[in-house]
Amino acid sequence: MDMTDRAIVGLLQVEGRLSNLELAERVRLTPSPCLRRVRNLEESGVITGYRAVVDPAAVGRGFQVVAYVELVGQDAETVTAFEAAVMEIDDVIECLRMFGRPDYVLRVAVPDMEAYSQLCLEELGRLPGLDKLTSQIAMKALKPGGVLPL
């Protein structure tokens, strides 16, 4: 990636709905080469998608929980089963596999404490290989979904 590609990616991270014409003007290219660069960045996997940033509270998912998961073992079967199961839970909006303890960090978005309690009883507590589940409730999102420095 050269400096122009970095400028394109930087702008699209912040304003993903920029038209090609406006993007081209901001990076000082004509529209055709700008579009070629954007398509190349998409095809090479640098840009993996475009999405709307949604206010969780506005869609009834304002209760945010960070859950720390420890598994009973680290064998391939346990890890694979846990990861496949957690991918099926829509309320888990992010899952990170960690080095050391905890084994995983989950970000959960639900309507309220009662919904999280139900989720723990009915789904999270039954995840394959689960040894320990610890939860913390987010007080405030200061920097949600940040922008990658380029």
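Everything quoted here is computed from the prediction, not taken from an experiment.

## A look at the packing of aromatic side chains
And then number 1: Overall, the coordinates contain one aromatic pair when judged by the stated rule.
And then number 2: Ring geometry for Phe 82 and Tyr 104: centres 4.5 Å apart, planes at 40 degrees, overall tilted. Note that Phe 82 is positioned in helix H4 (residues 76–87) and Tyr 104 in strand E3 (residues 104–110), a separation of 22 residues in sequence.
And then number 3: Residue classification places Phe 82 among the buried residues on the basis of a relative accessible area of 0%.

## Let's talk about the domain arrangement of the chain
And then number 1: Here the chain is described as being made up of domain 1 (3–44) and domain 2 (56–137).
And then number 2: Computed over C-alpha atoms, the centres of domain 1 and domain 2 are 36 Å apart.

## Quick look at the UniProt feature "domain: HTH asnC-type" (unreviewed entry) in the chain
And then number 1: Under the present numbering, the feature "domain: HTH asnC-type" (unreviewed entry) in UniProt falls on residues 1–62.
And then number 2: When the span residues 1–62 is considered, its composition is 52% helix and 0% strand, and the gap between its end C-alpha atoms is 38 Å.

## Quick word on the layout of surface pockets
And then number 1: The calculated volume of the largest pocket comes to roughly 1,600 Å³.
And then number 2: In this structure, the largest pocket is lined by 38 residues; those nearest its centre are Arg 51, Val 53, Pro 144, Gly 145 and Gly 146.
And then number 3: Elements supplying a minimum of two residues to the lining of the largest pocket: helix H1 (3–14), strand E1 (63–71), strand E2 (92–97) and E3.
And then number 4: Sort the elements by how many residues they give to the lining of the largest pocket and H1 lands first, with four residues.
And then number 5: The class makeup of the residues in the lining of the largest pocket is 22 nonpolar, eight polar and eight charged.

## Observations regarding helix H3 (residues 31–43)
Every α-helix winds through 3.6 residues per turn, so residues three or four apart in the chain are directed the same way.
And then number 1: Taking 1.5 Å of rise per residue, the 13 residues of H3 would be expected to cover 18 Å, and the 18 Å separating its terminal C-alpha atoms lies within 8% of that figure.
And then number 2: Every buried residue belonging to H3 is among Cys 34, Val 38 and Leu 41, and all of these are buried. The buried residues of H3 all sit within an arc of 60 degrees when viewed along its axis, so they share a single face. Residues of H3 that are exposed and point more than 90 degrees away from the buried face comprise Arg 36 and Glu 43.
And then number 3: The secondary structure elements touched by the buried residues of H3 are H1 and helix H2 (20–26).
And then number 4: Remark: Gly 45 follows H3 within two positions and exhibits a positive phi of approximately 90 degrees.

About the thresholds
- Residues numbered from 1 in each chain as written.
- Predicted model: local features only at pLDDT ≥ 70, side-chain atom pairs only at ≥ 80, totals over all residues.
- Heavy atoms only, no water.
- Phe/Tyr/Trp six-rings, centres within 6.5 Å; stacked < 30°, edge-to-face > 60°.
- Helix = DSSP H or I, 4+ residues; strand = E, 2+ residues; numbered from the N terminus.
- Buried < 20%, exposed > 50% of the residue type's maximum accessible area, 1.4 Å probe, protein only.
- Domains from an automatic or database assignment.
- UniProt positions renumbered as here; feature names shortened; annotations may be inferred.
- 1 Å grid on protein atoms, 1.4 Å probe; cavity = no way out; pocket = protein on both sides within 12 Å on 5 of 7 lines; lining within 4 Å.
- Points joined across faces, edges and corners; volume = space filled by probe spheres on them.
- Nonpolar A, V, L, I, M, F, W, Y, C, P; charged D, E, K, R; others polar.
- Expected span 1.5 Å × (residues − 1).
- Arc of directions from axis to C-beta.
- Contact = heavy atoms within 4.5 Å.

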